[in-house]
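# Inside the fold
The residues making up each chain are set out below.
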Amino acid sequence: MTNATDSEPFQPVTIDSSRLASPLADETAALDVGANNIVAATTSTGKQLLYGGRDLFDRFRETTREIARLQSKLHEGRYSSNRIRRLYRRRTKRRDHAQDALARDLMERLHAEGVSTVYVGALTDVLEASWSVRANAKTHNFWAFRRFVDRLACTAEEFGITVEVRSEAWTSRECPNCGSTDRTTRHKDTLTCECGFDGHADLTASETFLRRHSDTAVSRPMARPVRFEWDDHEWSESPRSLRPKEARTNPQVASVGGR
Ligand SMILES: [Zn+2]
């Protein structure tokens, strides 16, 4: 990839990707990749982004069920059919499309924030003990984690952003308030702690993860998180924005069970 050259007086109207090939500043971001939310991101500039995955996952499961139904109707000795193969292809295509678009949307935003390094942590919520092995396998299949991380890295490269995959063991259950990992309870999207902390589980995980890998990170105040939803074409800001309670620390009531 070529470096941006300042000496060039004018660029043609087409978007020149080399123009973007260097970071605008030296900020950091950490991503929590999961199932309920595909990506929860926190940046050292205090931004939080959440890419919802529930609808996509539901559709993926629907197609999987339909494939199973068709397979059960196959005549003996047959293992597939054109219809089944078509459903497999459609299922994969839909997932890939959403993942690719996510990688681009996210990297554009991170680049604009001046991010130069992105830490990616692996699948906290699908590794939770509460998930059955079967659910794990299915989720794994859906998220195709390795493919997604590859795609993130490729897209990041266009913007001069470096992607580093790191273990984020325990970040998903660590309380950002008191640092405890055994006094917290996760219920759906909410992480609560006996100390009174109550916040969005995945966003909190990405924030803790970022703090671990960046010295200066998260000293700045956090803006209200932005949630994005996939509509089969693009990721757009959801009108279902996060309520402050879902989003940020409110150390008053440890409401067991969340909202
Ligand atoms: Zn706590």
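Residues numbered from 1 in each chain as written. Predicted model: local features only at pLDDT ≥ 70, side-chain atom pairs only at ≥ 80, totals over all residues. Heavy atoms only, no water.

### Observations concerning the sheet that holds strand E2 (residues 37-43)
Two pairing modes exist for strands in a sheet, parallel and antiparallel, and in both the strands are linked by backbone hydrogen bonds. Convention followed: If DSSP finds at least two bridges between two strands, the strands pair. Helix and strand labels come from DSSP, where a helix needs a run of H or I of at least four residues and a strand needs a run of E of at least two; each type is numbered from the N terminus. To obtain an axis, a line is fitted to C-alpha atoms, over the contacting stretch when the element is a helix, and the angle between two such axes runs from 0 to 180 degrees between their N-to-C directions. Between two residues, a contact is recorded if the distance between any of their heavy atoms is within 4.5 Å.
The strand order across the open sheet built from seven strands is E5-E4-E1-E2-E3-E9-E10, with neighbouring strands paired in mixed fashion. One side of each edge strand has no neighbouring strand; the edge strands of this open sheet are strand E5 (162-166) and strand E10 (235-237). Here the strands of the sheet are splayed against their neighbours by 25 degrees on average, with no regard to which way each runs. The pairing of strand E1 (residues 27-33) with strand E4 (residues 115-121) spans six bridges and is parallel. Paired with Ala29 across the two strands is Val118, which belongs to E4. Contacting E1, E2, strand E3 (48-52), E4, E5, strand E9 (226-230) and E10, helix H2 (residues 82-112) runs over the sheet at an angle of about 170 degrees to E3. Contacts from helix H5 (residues 201-213) reach E1, E2, E3, E4 and E5 within the one sheet, and its direction differs from that of E2 by about 45 degrees.

### Quick word on the confidence of the model for the protein
Detailed reading of the predicted model is not advised wherever pLDDT is low. Which entries qualify depends on this criterion: For every residue, the predictor assigns a confidence score, pLDDT, that lies between 0 and 100.
Chain-level pLDDT for the protein is 79 on average; 73% of the residues reach the 70-or-more range. Note on residues 124-133: pLDDT is under 50 here. Beyond four places in sequence and across chains, it has 24 contacts. Counting contacts from residues 248-259, a segment whose pLDDT is below 50, to residues more than four positions away or on other chains yields 29 contacts.

### Concerning the packing of helix H1 (residues 54-72) against H2
The condition that has to hold: Orientation is classified from the angle alone, with under 35 degrees giving roughly parallel, over 145 giving roughly antiparallel, 65 to 115 giving roughly perpendicular, and any other angle giving oblique. Polar here means any residue other than Ala, Val, Leu, Ile, Met, Phe, Trp, Tyr, Cys and Pro, which are nonpolar, and Asp, Glu, Lys and Arg, which are charged; Gly is therefore polar.
At a minimum axis separation of 10 Å, H1 and H2 run at an interaxial angle of 170 degrees. By the angle class used here, H1 and H2 are roughly antiparallel. Two secondary-structure elements touch here, H1 through Leu56, Arg59, Phe60, Thr63, Thr64, Glu66, Ile67, Arg69, Leu70 and Gln71 and H2 through Arg83, Ile84, Leu87, Tyr88, Arg91, Arg94 and Ala98. Looking at the contact of H1 with H2 residue by residue, the class counts come to eight nonpolar, three polar and six charged.

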